[in-house]
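Spelled out from the first residue to the last, the chains are:
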Amino acid sequence: QQLAQRAGQLETLIAALNNGRQRLQTNELAAAKAYFEQAVSIDGLHIKAAAELQSANQAITEQRFRGHMSDGFAALDSNQFAAATNAFNRAAKIYSNHPAVAQALSQVATKQSQILVSRQMLQAAEFEDREQWQQALELYQSLLQTDPSLTEARVKTIPVAVRAKLDNQIQAVLADPLKLSSSSQYNSAQRLLADASGIANPEPLLTQQIADLNKALQQSTTAVDVVLQSNNQTQVTLFRIAKLGAFEQTSLQLKPGRYIAAGTRMGYRDVRVEFTITGAPIEGPIRVSCDEMI
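Description of the structure in this document. Just so it is clear, the model here is predicted, and its values are computed rather than measured.

Cut-off values and rules
- Residues numbered from 1 in each chain as written.
- Predicted model: local features only at pLDDT ≥ 70, side-chain atom pairs only at ≥ 80, totals over all residues.
- Heavy atoms only, no water.
- Phe/Tyr/Trp six-rings, centres within 6.5 Å; stacked < 30°, edge-to-face > 60°.
- Helix = DSSP H or I, 4+ residues; strand = E, 2+ residues; numbered from the N terminus.
- Buried < 20%, exposed > 50% of the residue type's maximum accessible area, 1.4 Å probe, protein only.
- Lys NZ or Arg CZ within 6 Å of the ring centre and 35° of its normal.
- Axes fitted to C-alpha atoms, helices over the stretch in contact; angles between N-to-C directions.
- Parallel < 35°, antiparallel > 145°, perpendicular 65-115°, else oblique.
- Left-handed = near helix turned anticlockwise from the far one by under 90°.
- Contact = heavy atoms within 4.5 Å.
- Nonpolar A, V, L, I, M, F, W, Y, C, P; charged D, E, K, R; others polar.

A look at the packing of aromatic side chains
- Counting across every chain of the model gives 3 aromatic pairs.
- Measuring from centroid to centroid gives 5.0 Å for Phe-65 and Tyr-95, while their planes differ by 65 degrees, and the two rings are edge-to-face. Of the two residues, Phe-65 sits in helix 4 (residues 47–77) while Tyr-95 sits in the loop between helix 5 (81–94) and helix 6 (99–129), which places them 30 residues apart along the sequence.
- Since its relative accessible area comes to 22%, Tyr-95 is described here as partly exposed.
- Plain terms: the ring middles of Phe-73 and Phe-88 are 5.0 Å apart, the flat faces sit at 70 degrees to each other, and that makes the pair edge-to-face. Residue Phe-73 is located in helix 4, and its partner Phe-88 is located in helix 5; the two are separated by 15 residues in the primary sequence.
- A relative accessible area of 0% means that Phe-88 is categorised as buried.
- Stacked on the ring of Tyr-259, the Lys or Arg Arg-240 has its end atom at 5.7 Å from the ring centre.
- Positioned above the aromatic ring of Tyr-268, the side-chain terminus of Arg-265 is 3.7 Å from the ring centre.

Shown next, in the form of structure tokens:
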């Protein structure tokens with residue numbers, strides 16, 4: 001009876017199979033699958049119908065996989081890395097161990113890294129153009145820590161490091177020119193000026209730094225008139241300079257630097273006056289006088 005029932009539905013089964021095969025040839029996979037499902041529902045024991053349905057399902061799976069991969073590569077070509085990664089991950093959910101997926105994700109990472117490196121190299125070059133040597137050096141060093149094989153960054157690091165060191169040293173001197181009162185600091189600054197002046201075609205910032213450093217060196221050796229006042233009863237000592245004794249007013253020439261004047265007087269509280277000579281004229285006299293009785 002079952003055999004007779006199957007035989008009676010054979011014509012309908014064959015039609016469904018033929019329709020499914022035709023749809024496969026025109027790549028209408030969903031329609032082909034529907035026809036093969038119809039064939040299986042007509043005769044669930046028909047081996048060919050089951051095989052055709054399995055083949056259609058496999059073709060649909062392959063189509064979905066290829067679609068996700070195609071979307072991923074299209075996004076990668078447009079440098080849309082998040083979209084590319086999402087598409088390739090969707091493909092990986094279909095075939096988790098497919099080598100094409102791993103290769104595609106590796107391409108995303110490589111291209112993303114290449115673009116990032118290119119952008120950072122351009123940014124470092126902009127820092128150089130603006131004479132921001134320390135920022136450029138830090139960026140090159142960061143790139144090399146990420147990828148030691150970056151030849152261009154390694155080559156750039158050498159001259160940039162030299163300029164960054166020079167720039168930092170000049171800034172340190174100009175930030176506190178009073179240190180030039182020390183002979184060792186003065187000699188070091190002279191060498192620094194020579195190094196800076198030896199650079200061919202100096203940029204605007206370096207040109208200004210050379211001028212400022214030269215001015216600071218000149219001022220550090222130029223004495224200015226300083227007036228000290230007292231009460232003619234106080235013994236005044238200008239540390240590292242001389243014992244000035246008692247006076248009402250005296251004048252002397254001092255080079256830029258930090259000074260301490262101390263006053264002593266029997267029966268009176270000692271005084272200590274700190275003052276700084278910058279090279280600019282002193283606005284008024286400096287008073288060192290013991291006036292407070294003990």
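Alright, that's what it looks like, and here's the rest.
Observations regarding the packing of helix 3 (residues 29–42) against helix 4
- Packing of helix 3 against helix 4 brings their axes to within 9 Å, and their N-to-C directions diverge by 155 degrees. Here helix 3 lies roughly antiparallel to helix 4, going by the angle between them. In the packing of helix 3 onto helix 4, the handedness of the crossing is left-handed. Across the interface between the two elements, Leu-29, Ala-30, Lys-33, Phe-36, Glu-37, Ala-39 and Val-40 from helix 3 touch Ala-49, Ala-50, Glu-52, Leu-53, Ala-56, Asn-57, Ala-59, Ile-60 and Gln-63 from helix 4.
- Its residues assigned to classes, the contact of helix 3 with helix 4 shows 11 nonpolar, 2 polar and 3 charged.

By themselves, these are just geometric observations and shouldn't be taken as functional.
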